[in-house]
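The residues making up each chain are set out below.
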Amino acid sequence: MKTIGSIAPVLLVLVGQAFSWEEVQYDFRGNDMASERIQIVGDQQYIRQQDEGLTVVIPAATTQDNVGVAVNHTLVGDFEISASFEVLDLPKPTGGYGTGVSLLIEDGIRWGASLQRLRTSKDEQRFLAHHYEISSNGDYEHHAVPFPATSDSGVLRIVREGPWIRYLVAEA
């Protein structure tokens, strides 16, 4: 069994109820999964909540897609979203973009952005800044910029200021 560990292994921000500006924080150390805004994504058997945070454990032979946590908030205007992570063991994938940790935001209609810490099928350790748009006919247009990763822990941050989205990484 391979273990992918993280304090916030996957954090999705999806369209939901609008709210005025406020700081919202979820610390998954202990038991902060009680909020009605938090949902498990993927198969719940792979997620373990422990004193030090959430741990995602996926068997090596599994072709499981996304597993993690979704936080349902509507974002209006400027925002900043951060997720701390620690990768304990990251199996080499056989294909696709890679295996790892992702911070993802979506408007639920036409665009999304993610910042990922991945191990690729070519055994490269990298970050991937990704943005997509969905055209009126339903086609996805993806834009991604990879850059090297040197640490197994750190903080992923996505910031929107006006029309701009910035991707920030702090490796530990």
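Peer 1: Can you walk me through unusual backbone geometry in this structure?
Peer 2: Phi is mostly negative for residues that are not glycine, and the peptide bonds are mostly trans. Backbone geometry places Asp123, a non-glycine residue, at a positive phi of 65 degrees. As for its position among the elements, Asp123 is in the loop between strand S9 (111-119) and strand S10 (125-134).

Peer 1: Teacher, can you tell me more about the sheet that holds strand S12 (residues 153-161) here?
Peer 2: Two strands in a sheet stick together by hydrogen bonds in their backbones, pointing the same way (parallel) or opposite ways (antiparallel). Judged by pairing direction, the sheet is antiparallel, and its 3 strands sit side by side in the order S7-S12-S13 without closing on themselves. In this open sheet, the two strands that pair with only one neighbour each are strand S7 (79-86) and strand S13 (164-171). With strand direction ignored, the average angle separating the axes of adjacent strands in the sheet is 15 degrees. Examined bridge by bridge, S12 and S13 share 8 bridges and lie antiparallel to one another.

Peer 1: For this particular structure, what's the right way to read the side chain of Ser151?
Peer 2: Mapped onto the secondary structure, Ser151 falls in the loop between strand S11 (140-148) and S12. Given the relative accessible area of 11%, Ser151 is considered buried. A polar side-chain atom of Ser151 sits 3.1 Å from the main-chain carbonyl oxygen of Ser153. Discounting residues that sit within four places of it in the chain, Ser151 has contacts with Arg117, Glu171 and Ala172.

Peer 1: Looking at this structure, I do not really get the environment of Glu36. What am I missing?
Peer 2: Along the polypeptide, Glu36 turns up in the loop between strand S2 (10-14) and strand S3 (38-41). Residues Glu36 and Val71 lie 35 residues apart in sequence; the distance between their C-alpha atoms is 9.0 Å.

Peer 1: In this structure, what is going on with the nonpolar core? I would like to understand it.
Peer 2: In this structure, Phe85, Leu103, Ile105 and Leu156 are the most contacted members of the largest nonpolar core, which totals 17 residues. Elements that contribute at least two residues to this core include exactly S7, strand S8 (99-106), S9, S10 and S12. Among the elements that make up this core, the one with the highest residue count is S7 (4 residues). Ile38, Ile47, Val67 and Val69 belong to the second-largest nonpolar core, a separate cluster that totals 9 residues.

Peer 1: Sorry if this is basic, but what is going on with the confidence of the model for the chain here?
Peer 2: When pLDDT drops low, the exact placement of atoms in the prediction is not to be read closely. Taken residue by residue, the chain gives an average pLDDT of 77. The fraction at 70 or more is 80%. Low pLDDT, under 50, characterises residues 1-20; the stretch is placed with 95 contacts to residues that sit more than four places away or in other chains.

Peer 1: Is there a simple way to explain the pattern of salt bridges in this structure?
Peer 2: Between side chains of opposite charge, a pair can form when the charged atoms approach closely. Summed over the entire model, instances satisfying the criterion amount to 5 salt bridges. A salt bridge links Glu80 to Arg157; the nearest nitrogen and oxygen atoms lie 3.3 Å apart. Here Glu80, found in strand S7, pairs with Arg157, found in strand S12; they are 77 residues apart in sequence, far enough to count as distant. Looking at Glu80, the relative accessible area reads 53%, which means it is exposed. Exposure remark for Arg157: the relative accessible area of 30% places this residue in the partly exposed category. Residues Arg126 and Glu124 are paired through a salt bridge, measuring 2.5 Å at the closest nitrogen-oxygen approach.

Peer 1: Looking at this structure, how should I read the packing of aromatic side chains?
Peer 2: One pair of aromatic rings is described through two measures. These are the centre distance and the angle between the planes. Taken as a whole and judged by the stated rule, the model has 2 aromatic pairs. Relative to Phe147, the ring of Phe127 lies with its centre 5.4 Å away and its plane at 25 degrees, an arrangement referred to as stacked. Here Phe127 is found in strand S10, whereas its partner Phe147 is found in strand S11, with 20 residues between them in sequence. With 5.4 Å between their ring centres and 45 degrees between their planes, Tyr132 and Tyr140 make a pair best called tilted. Under the relative-accessibility criterion, Tyr132 is labelled buried at 9%.

Rules and cut-offs
Residues numbered from 1 in each chain as written. Predicted model: local features only at pLDDT ≥ 70, side-chain atom pairs only at ≥ 80, totals over all residues. Heavy atoms only, no water. Helix = DSSP H or I, 4+ residues; strand = E, 2+ residues; numbered from the N terminus. Pairing = 2+ DSSP bridges. Axes fitted to C-alpha atoms, helices over the stretch in contact; angles between N-to-C directions. Buried < 20%, exposed > 50% of the residue type's maximum accessible area, 1.4 Å probe, protein only. Polar contact = N/O pair within 3.5 Å; in protein donor to acceptor, adjacent residues only side chain to side chain. Contact = heavy atoms within 4.5 Å. Core = buried A, V, L, I, M, F, W, Y, C linked by side-chain atoms within 4.5 Å. pLDDT = per-residue confidence, 0-100. Salt bridge = Lys/Arg side-chain N within 4 Å of Asp/Glu carboxyl O. Phe/Tyr/Trp six-rings, centres within 6.5 Å; stacked < 30°, edge-to-face > 60°.

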